[in-house]
Structure formats: structure tokens, C-alpha cells
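Analysis of the macromolecular model
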Amino acid sequence: MFKNYIKIAFRNLAKNKVFSVINIAGLAIGIGCFVLIALYVMDELSFDRFNTKGDRIYRISSDIKFGGAETRYPFTSDMMGQIFKKDFPEVEDYTRIYTSNGSKLVKKGSQFINEIKVGHADSTLFNIFTLPAIAGDTRTALNEPNTVVITESTAKKYFGTTNAIGKIIETNDNDKTLYKVTAIIKDIPSNAHFNFDFIFSMKNVDYNWGQIMSHNFHTYLLLKPGTDVKAFEKRSLDQYVNKYVLPEANQVMGISSMADFEREGNKLKYSLTPMLDIHLYSGRPFELSAGGNIQYVYIFSLVAIFILLIACINFMNLTTARSANRAKEVGIRKVLGTDKKSLIAQFLSESTLMALVSTILGIVLVFLALPFFNNVSGKTMNVYNLLTPLFLFFLLALPFVVGLISGSYPAFFLSSFKPIQVLKGKLKTGGANSSLRSVLVVFQFVTSIVLIIGTIIIYRQLNYIQSKSLGYSKDQVLIINDAYTLGKNAETFKQEMLQQPGVVKGTLSGFLPTPSNRSDNLFSKSPQLDVKSGFSMQEWNVDYDYINTLGMELVAGRNFSKDFGTDSSAVILNETTAKSLGYDDPIGKPVYSIYNPETNETRKYTIIGVVKDFHFESLKRDIDKLGLFLRRSTGLVSFKVNAANAPQVIKTAERKWKALSPQMPFNYKFLDAEFSSVYNAEQRVGKIALSFAALAIVIACLGLFGLAAYIAEQRTKEIGIRKVLGASATSLVAMLSKDFLKLVVISSIIAFPLAWWSMKNWLQDFAYRINISWWVFVIAGVIAIFIALITVSFQAIKAAMANPVKSLRTE
């Protein structure tokens, strides 16, 4: 019986080639999109799940608001982990990771390489996280200073072999440091929330240890099995604040209770973040790697389901629309004794066969599209992801699920025909006005229009970010990293470059106005820090030329000047800080840096200027407090260059760099590119949304094309009679198109509020954002109508231009 079903199914596919191709192509594209997005979603959900103790690992996070500035840190003090291990029996172990330096210069042969996947950690890291060793003992590998654990790939890169235990690695951390390789681990999986090539001993971190109120360490707790996490979180964190934080806060700022602290609008809250939630749910700055976003996982999951449903709807529409072609077959088979169950099985077999063929073609499309999709999504997925047991089961089940979804309604619809009516020719199959087919077409275009609107708004927001006045000039600013490796020659390098054609200005500084790994420091309006006068502020080291090189604007006071010998004790504040101090005129007023909170030692600075607010974090955040200080800093050297001279300037800079520091790598970038990289996640979302919006429209149009072709075929006699009676081709095209266009208009009316609501929520993530304009919806509706009109008109014009004599003779 099953063999007979398959044989009939193949005959029907071959008999109706055009509709078979449309159905299979639509399903194949839909399944291909579904599988690609499923790969993306499964990769996002798989982060950190390779850790065997993953469900017991928690990262302590900090939410701090002081003096108006609010930060959501993934950091704690260096003491918090060891205190929790000592005070709370629920804590089995703890570990810390420190990455303040961001990168290290590591020597290979005679040259240094800038390595960015570096960090310092305790040896307990390997007890908590599943990082298998292939050589050495990770339990004690980082117990001593000047030790390092490296990955398998790193060992091969630097030593040509994994037999590297005891080998020496030289770094350039301001002064040269030698580290002994004590263990080699397997490469950390790409779906980990941190990915280091070098893990150095925590004992090499130059830090003022023991500061309860200084937050710079990623601290992880391994809780014992069976711990009530919620109860432990509340009890332990409250106890930690009362026992350790408040005494120090009282000593430094005179805070006797958290109520006093919060009464001034401040906040200090610790929380436990499940390690398995960090990638998708944290959303905090200064994470160990760029995180994902659970909202995007939900959005793309819905997009995948809707695209697959659009493809299935095509099958339903075309199959039910062509029901008359199968009506006599159903009638005869029923007269000959075939029961309804057998007919349903027959039609479901046909839909499953078509889904199977489409799945195979869809997988081929996935293979072809995966490199492009990886490039767009920033992933490193490969075809082997399809071969995991879970995904293989998913792929095997997919054609049967799709076949059941797409074939169930047609199967029940066709099998319900009454043989007497069919054989008498009284069957009414309906046309474009069929209510169910209308609903399905509307669903297809609602989905497509929502995707079009979403894509337009995402690109408008990204364009707004790129074109918004940032308070500084980001264009044609050449940045050269690791200028500290030049030592005393950094200033010489800067002055020599300023003599080159095309170099307009230059500056040496510690920071630039793009997000980076930095933290706030404590300041006060008065010599004695207290809860009312204190505030936290970014502290940037700059030179005399910083403001002019970056095109910043002073709104009060003056810039740093060599004419004033006291400027080493001066500060330039941004507008946000100046306003928060409450002075009518802040120029000449003092602020005090609390450079040792435990002893309340301060350093006085005089405000000499106020710089117009400029954005130095993502536009998702408000502008925070910032102070510029005149201090020697050689972290970065930046030059304002003419666009026409930029290539030659880069060559000259590299030549002069190599002359001054031949062993050190020359690494450069441009400030506008660095700024754009902050929004990589949003840019990827925009590209993915654009791609799948286009594919959703293509699939919907395939179905519309097939449906229009069939409706035109069903009305051949009517069209012929109308032409004989004098109807023009234009009126015939309008007659055949209007019903479809009505459905697209209805789709637009439904899609507009859905798109507005979803994109309004997405824009809430940005502190600085566009308004959703009415014309976006008009453009999306016009695009949908235009595409539908083109699709339907092709068949309508073909039918209208046909010879009516042939039409009537055919009928």
C-alpha cells in the first residue's frame, strides 16, 4: 500500500511540473532558512554548557550608583571570593579572573606579537571550569608567580609542539617578564563566555590588594550540590555588605547604614548570575567577551518558524486551489471502496515526499549559504554542526513534521469530497475569494511586512548612530596602539610624525572616546569624602593636544597650556560632571581625587575648563561623568590626518616605529572604525533581518505566483468571453489583481501595529534613538503592494493577452 502511495505521489509531481517546482522551491528555501536560524539559535543556547559543573557556577555581579553615575559591573573586589569561601559553607570553591591590561605583547623569535586573548587567574579556575589539560597539572599550575597555562594551538604557534612544559614565554609588560609554561590545555570552545590563549598567574598582577570597595575582578563561585541558591544569595550578600562593605564605607565616607547611602540616591547591590546565563542575559559592559542577547534568540526563532509556516502555507494554498484537478480521482476511488483514512494517508504521503525532497534541497542550500551566514552573523559554525545527534534527529524529523503541517489541511479537505457531487460535476472549489486561502495569504504578507519595517528601522537607527554628533570628530583619526613600548621615544615619535605631510595634529593619551576596559574612580567636592560630596568619575590621562586633535569643544574655561606650570594639578570636566557639582561657575573650584580610599588620602585638582559632553560609551548609555587630567600617558598615539595622505602616513608611521622599536608590532586602526565596531551586534542583526525579510518575500511571492496562475487558469473561459464582449486588457488585469491587492492592504493594516510595538521595544535599549516615523510604514506597505502587483500581474497580463478564440475552444 505504501509503495502505491509513493508511486502515485511521484506521478502527480511529474504531471504538475510547474506547481511541483513552486512548492518544492518554496519549501526548500523555507526549510533552508529554518535550519540556518536553528543552527544560530542552538549555538547561542549552547554557550558554556560544555562545563560539567555549569549548573553550580555563579558569577557575582555588582550594580553601583554613586554620585549620580550608575554602572552594572561584572566585577567584585579581589577579596569577595575568598571571604565567601571562608564564611559560607555552601561555597565549594571560588576563582577570579583579571583582565585589566586587555592584551600582552608576547615574544616569538625576535618579534613581539600583540595577543588579546589573555588573562590572569587563580589555579582554582581549572577546578571550577571544564578546561581539560593535555600536559601538566592544572591544579597547581598557577600557584606560583611567573607561571602561565597556554592552549594547545598556542603551544604549536610558539613552540611548534604541544611538548612545551617548562618552556619560557617572554612578555613586554612595561618591563620584560619571563613566564614558565606549567600546563597546556585543550583549546577553549568557541561557545564559552571567555576564550583565552594565555592564562597567567594571578600573583603577577600589580594591584593594591585587599580593597573591599574597589571592583576589578570577575569572581566565580562553585556552590555545593543541593544549595538553595535564592536563599543563599539573599543571606550571603546581605551579610557580606553588613560585615565587610559598611565598615569600610563608614571609615571612608561616614556611611553607617545602607539606608543612609540610598537616601542620597545611591545604590550598591550584589547579585549571583548563573554562569549559563552570562552570554545571553547579562548585558553588562566589560564582560570577558561580547555577549549575545536573548531577545534576538526569541526574534530569530519566531522568524524561522514564520518563514517555515509561509512555505507550508504555499503548499496548502496551491494544493487546495487545485483540488478540482484531483476531485474525480477522489470520487472514483471512494466509489471503488477506498475509505477516508486511506485517502488522508495518500495525501499526507504526497506532502511528506515533497517535504523530504525539499529538505534535501534545503540542506544543500544550507551548505552553500553557511559561509555567507557565518560572515553576517559573526559565527564560526560548520557543516559538522549538522551531524550532532540532536541536530541529526531534528533533520530526520523535519520532513515528517513539515509534511504533516503542510499536508494535513489539504488531506482532510480533499478526502472530504462527496463522490456523487464530484462525479456529477457539481463540486465548487472556490477561487481567490476562498476565506481560508485569503487568511493564509494575509498571514504570509503580515510576516513579510513586519520584517521589512523591522529592517528599515534597524538600519535607520544604525545610520542615526553613525551620523549623530558625538561631541568630537571621529573621521580620519589614525590610532596606533601600544605606544608605551616606545618608552621615552613615544613623544619623539609623535613629534616626528607631526612633521609629515598630511598629519594635521597628534596626541598621546590613555583613553579615546570609544568603549574600552576602564573604571570609575572616587572624587569629592570637599577634602573629606562623604556620601553627600562624593561622586565617581572616569579619570583620563591626556596631553596638551588631546582636545584639539579630537575636535572637542570647550564651553567654559581654557585648555591645558604649557604657559601654566600648575596645570599638572588641574582638571577639565565634561558638562555632565560640572552640572552635577551644582556650581554656577565651576572654573577655579576644587575637586579632590580619593586615591587611597582606606586612608582617605586625597589630591586636590583645580577645575580650569569644561568640555562639551561627548559620547565615550555606547549610545545605549547616557553620558557619564568624566575628567581629563594632564599626565604623561603613552598607551595610545593618535593623529588627525588628511584622507588623501592617509596611506602614505601609515607607511611612514610604520617605518619610523620600526626604527625606534624594531621588535615591537605596529598595530593601527581608525577611530571611526573602532566606533562602528561597538555596534557589530546591531549591524549583524540588521543584515540577518534584511536577508530573511527578502527570503520571506520571495517565498510568499512564489505562492502568490502559483495561486495567481491557477486562478487565471480557472477563469480562462470567463476571460475569453469578456474579451469577446470588448473588455480591455487593462480591465482584465485589474480584475485578476484586485483581490490579491486587497489581501496585501489588509496585511499591511495588521502588520503596522505589530511592527510598531516590536521595534519600539527594541529601540528602548538605546538611550539615544530615532523616532519611528509614519513614512516607514507607508514605504513598507508600498513595497509589499508593488512586489505583489508585479508577481500577480505577470500571470494576469499573460491571461489577458491570450487569444479568446483559443480560450473558448479549450473550454
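Residues numbered from 1 in each chain as written. Predicted model: local features only at pLDDT ≥ 70, side-chain atom pairs only at ≥ 80, totals over all residues. Heavy atoms only, no water.

**Some points on the overall build of the protein chain**
Formally: In this text, helices come from DSSP runs of H or I with a minimum length of four residues, and strands from runs of E with a minimum of two, each type numbered from the N-terminal end. Accessible area is worked out with a 1.4 Å probe on protein chains only. A residue is then buried under 20% of its type maximum, exposed over 50%, and partly exposed in between. Note on contacts: a residue pair qualifies if any of its non-hydrogen atoms lie within 4.5 Å across the two residues. All accessible areas in this document rest on Shrake-Rupley with a 1.4 Å probe, and a residue is counted as covered only by the protein chains that are shown.
Per the secondary structure count, the protein chain includes 24 helices and 24 strands. Buried positions account for 53% of the 811 residues belonging to the protein chain. Within the protein chain, contacts between residues at least 6 apart in sequence are counted, and of these 80% link residues at least 24 apart. Carbon and sulfur atoms make up 58% of the accessible area of the protein chain, which amounts to about 35,800 Å² in all.

**What about the pairing of strand β15 (residues 503-509)?**
Note the cut-off: When DSSP finds two or more bridges between a pair of strands, those strands are recorded as paired.
Across the seven residues of β15, five count as buried, placing the element largely inside the fold. Taken together, the six bridges between β15 and strand β23 (residues 636-641) define a ladder with antiparallel strand orientation. For G506, the partnering residue across the bridge sits in β23 and is F639.

**Some points on the environment of G703**
Tracing the backbone shows G703 in helix α20 (residues 680-714). The class of G703 is buried, set by a relative accessible area of 5%. Considered as a pair, G703 and M316 are 387 residues apart in the sequence and their alpha carbons are 9.6 Å apart. When sequence neighbours within four positions are dropped, the list of residues in contact with G703 reads N314 and L318.

**Topic: helix α15 (residues 489-498)**
Using the following cut-off: Directions from the helix axis toward the C-beta atoms define the arc.
Listing the buried residues of α15 in full gives A490, F493, K494 and M497. Taken around the axis of α15, the buried residues stretch over an arc of 100°, which confines them to a single face.

**As for the sheet that holds strand β24 (residues 668-670)**
Under the convention used in this document: Axis geometry follows a simple rule: fit a line to the C-alpha atoms, using only the stretch in contact for helices, then measure angles between N-to-C directions, giving values from 0 to 180 degrees.
Strand order in this open sheet of four strands is β15-β23-β14-β24, and the pairing throughout is antiparallel. Two strands in the sheet have a free side with no partner beyond their single neighbour: β15 and β24. In this sheet, neighbouring strand axes are inclined to one another by 20° on average, regardless of whether the strands run parallel or antiparallel. Most of the contacts of helix α18 (residues 646-660) go to strand β14 (residues 477-480), to which it runs at about 20°, and overall it touches β14, β15, β23 and β24.

**Description of the pattern of salt bridges**
Note the cut-off: A side-chain nitrogen of Lys or Arg and a carboxyl oxygen of Asp or Glu constitute a salt bridge if their distance falls within 4 Å.
In the structure shown here, the tally under the stated rule is 24 salt bridges. Note that D93 is salt-bridged to K85, the shortest N-O span being 4.0 Å. A salt bridge links D543 to K494; the shortest N-O distance between them is 2.9 Å. One end of the pair, D543, is in the loop between β17 (534-542) and α16 (546-549); the other, K494, is in helix α15, and 49 residues separate them in sequence. Its relative accessible area of 2% is what places K494 among the buried residues. Salt bridges here are not isolated pairs; linked through shared partners, they connect D43, E44 and K379.

**Things to note about the packing of aromatic side chains**
What counts is decided by this rule: The pairing test for Phe, Tyr and Trp rings, Trp by its six-membered ring, is centres within 6.5 Å, and the orientation test on the planes gives stacked under 30 degrees, edge-to-face over 60, and tilted for anything in between. Only when the NZ of Lys or the CZ of Arg is both within 6 Å of the ring centre and within 35 degrees of the ring normal is a charge said to sit over the ring.
One pass over the structure, following the stated rule, counts 40 aromatic pairs. Ring centres 6.3 Å apart and planes at 85° place the aromatic pair F84 and F232 in the edge-to-face group. In this pair, F84 is assigned in helix α3 (residues 80-87) and F232 in helix α6 (residues 229-253), connecting sequence segments 148 residues apart. Residue F84 shares its accessibility class with F232, and that shared class is buried. Ring-pair connections join several aromatic residues into one group, and the members of that group are F84, F88, F232, Y240, Y244 and Y270. The positively charged end of K525 is found above the aromatic ring belonging to Y583, 5.0 Å away from the centroid. The ring of Y583 has K589 sitting right over it, with the charged end atom 5.5 Å from the ring centre.

**Re the nonpolar core**
Selection rule: Take the buried residues of types Ala, Val, Leu, Ile, Met, Phe, Trp, Tyr and Cys, join any two whose side-chain atoms come within 4.5 Å, and each joined set is a nonpolar core.
Counting residues in hydrophobic clusters, the biggest one holds 108 residues, and the most contacted among them are V35 and L628. Leaving out residues up to four positions away in the same chain, L628 has contacts with W540, V542, Y546, I547, F560, A570, V571 and I572. Listed in part, the 33 residues of the second largest apolar core include F88, L223, Y270 and I594.

**What about unusual backbone geometry?**
The phi dihedral of D48 falls on the positive side, at around 70°, and the residue is not glycine. Note on placement: D48 falls in the loop between α2 (17-45) and β1 (57-66). On the basis of relative accessible area, D48 is assigned to the buried category, the value being 1%. Phi at F286 is positive, roughly 65°, even though this residue is not glycine. Inspection of the secondary structure assignment puts F286 in the loop between α8 (278-281) and α9 (294-321).

**Here we look at the side chain of S377**
What counts here: Polar contacts, as used here, are pairs of N or O atoms within 3.5 Å; protein pairs need one atom able to donate a hydrogen and one able to accept it. Residues neighboring in sequence count only if both atoms are side-chain atoms.
Of note, S377 is situated in helix α11 (residues 340-377). A polar atom in the side chain of S377 sits 2.8 Å from the backbone oxygen of F373. Those residues in contact with S377 that sit more than four places away from it in its chain are Y40, R684 and I688.

**Some words on a nonpolar patch on the surface**
Rule in force here: Grouping into patches uses exposed residues only, defined as over 30% relative accessible area, and leaves out salt-bridged ones; the cut-off is 9 Å for like charges and 5 Å for nonpolar side chains (Val, Leu, Ile, Met, Phe, Trp, Tyr).
A surface patch of nonpolar side chains, amounting to about 570 Å² of accessible area, comprises W774, W775, V778, I779, V782 and I783. Counting through the fold element by element, W775 comes out in helix α23 (residues 774-800). Judged by relative accessible area, which is 32%, W775 ranks as partly exposed.

**Observations concerning the packing of α15 against α18**
Heads up, the condition is: Roughly parallel here means an angle under 35 degrees, roughly antiparallel means over 145, roughly perpendicular means 65 to 115, and every remaining angle is called oblique. Helix crossings are classified by the rotation of the near helix relative to the far one: an anticlockwise turn of less than a right angle makes the crossing left-handed, while a clockwise turn makes it right-handed. Residues are grouped as follows: Ala, Val, Leu, Ile, Met, Phe, Trp, Tyr, Cys and Pro are nonpolar; Asp, Glu, Lys and Arg are charged; all remaining types, including Gly, are polar.
Close contact between α15 and α18 brings their axes to 11 Å; oriented N to C, the two are set at 150°. Judged on the interaxial angle alone, α18 and α15 are roughly antiparallel. In the packing of α15 onto α18, the handedness of the crossing is right-handed. Touching N489, F493, E496 and M497 of α15 are V649, T652, A653, K656, W657 and L660, all from α18. Of the residues in the contact of α15 with α18, the class split is six nonpolar, two polar and two charged.

**Some words on the pairing of strand β12 (residues 218-223)**
Within β12, six of the six residues are buried, which leaves the element mostly enclosed by the surrounding structure. Burial along β12 is two-sided: the face carrying H218, Y220 and L222 and the face carrying T219, L221 and L223 are both buried. Across three bridges, β1 lies against β12 in antiparallel orientation. Along β12, the bridge assignment pairs Y58 with L221.

**Focus on the environment of Y220**
By the element assignment, Y220 lies in strand β12. C-alpha separation for the pair Y220 and F129, spaced 91 residues apart in sequence, amounts to 9.9 Å.

**Overview of the side chain of R96**
Tracing the backbone shows R96 in strand β3 (residues 91-98). A relative accessible area of 9% places R96 in the buried class. Polar side-chain contacts of R96 include one of 3.0 Å to the backbone oxygen of D78. When neighbours within four sequence positions are excluded, R96 is seen to be in contact with D78, Q82, H120, A121, D122, M202, W209, F217, H218 and T219.

**Some words on the confidence of the model for the protein chain**
Note the threshold: Each residue carries a pLDDT value, the predictor's own confidence for that position, ranging from 0 to 100.
Mean pLDDT for the protein chain: 83, with 86% of residues reaching 70 or above. The spread of mean pLDDT over the elements of the protein chain runs between helix α13 (residues 419-423), the lowest at 58, and β12, the highest at 96.

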